[in-house]
Every structure is written in C-alpha cells, then in structure tokens.
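Per-entry structural report
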Amino acid sequence: MATAAGKNATDGRTSPDLEADIRQLRADIEKLTKQLAKTGEHGYGTARRAATEGVEQLRAQGEAAFEGLRGNARDIEAQIVANVREKPVTSLAIAAGVGFLFALLARR
C-alpha cells in the first residue's frame, strides 16, 4: 500500500490532524476530571446534609421517647402512692418482704 508523505496508512489522516485530535482529547479529559471533582464535592455535601438531618431526626425521636418514659414513670408513681394510701398495712408488708429478699441476696 502506497502512502503519501505525512499521511496515515489506515485512514488517510495527516499527523497534524492526529495531533489536533490528541490535544482535543486531552482538553476533554481535563474538563471531565474537573466535572468529576465538582460532582464528588457536591455528593459529599449532599451526604453530609443528609447525615445531619438524620441526626436531628433521631435526636427528636429520642427526646420524644424519653418524655414518654418520663410520663409513664410519673403515672406509675401516682398509682403506687394511691395504693399505699388505700392499703397502708399491705404496702408496709410488701415493702418489708422485698427488703428481706434484698437482704438475703446481698448476703450471697
């Protein structure tokens, strides 16, 4: 196959054409690299915001659960006080029995 001076044997393109294509490819790769870096920064920011929102949501749920438990404890305390006032002798006997059990357990 005969080729003209400065021509590529496969597609008829000259060396300056190939060099221009290589320069264009390098420029495209540079642009792509910059775009990927920006996308990575954007993704990091988005993930950080989502994590912050998740933490705030979990904190709010934890506080709500804590308040619910606190309310339940107050209700139980009120029931115990009411039972002690209604049946003081029975309550005293139960307290003595529980104290005796704790004393037995503490000895071992």
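The shown structure was predicted, so the numbers you read here are calculated from the model rather than taken from an experiment.

The helix and strand tally for the chain stands at 2 helices and 0 strands. Burial status across the chain gives 2% buried among its 108 residues.

With that out of the way, let us pick up helix α2 (residues 88-107). Taking 1.5 Å as the rise per residue, α2 with 20 residues should run 28 Å; its terminal C-alpha atoms sit 29 Å apart, in good agreement. Burial within α2 is sparse, with just 1 of its 20 residues counted as buried.

Quick look at the confidence of the model for the chain now. Of all residues in the chain, 88% attain a pLDDT of 70 or more, and the chain-wide mean is 84. Segment residues 1-9: pLDDT under 50, and 10 contacts once partners within four positions in sequence are set aside and those in other chains are kept.

Taken together, the side chains of Ile94, Val98, Phe102 and Leu105 define a hydrophobic patch exposed on the protein surface, amounting to about 430 Å² of accessible area. Along the chain, the position of Val98 falls in helix α2.

Here the focus is the pattern of salt bridges. Enumeration according to the criterion identifies 2 salt bridges in this entry. With a shortest N-O distance of 3.6 Å, Glu56 and Arg59 are connected by a salt bridge. Separated by 3 residues within a single helix, Glu56 and Arg59 lie in helix α1 (residues 15-86), roughly one turn from each other. What makes Glu56 partly exposed here is its relative accessible area of 42%.

Rules used in this analysis
Residues numbered from 1 in each chain as written. Predicted model: local features only at pLDDT ≥ 70, side-chain atom pairs only at ≥ 80, totals over all residues. Heavy atoms only, no water. Helix = DSSP H or I, 4+ residues; strand = E, 2+ residues; numbered from the N terminus. Buried < 20%, exposed > 50% of the residue type's maximum accessible area, 1.4 Å probe, protein only. Expected span 1.5 Å × (residues − 1). pLDDT = per-residue confidence, 0-100. Contact = heavy atoms within 4.5 Å. Patch = residues over 30% accessible without salt bridge, like charges linked within 9 Å, V, L, I, M, F, W, Y side chains within 5 Å. Areas by Shrake-Rupley, 256 points an atom, 1.4 Å probe, with all protein chains shown as cover. Salt bridge = Lys/Arg side-chain N within 4 Å of Asp/Glu carboxyl O.

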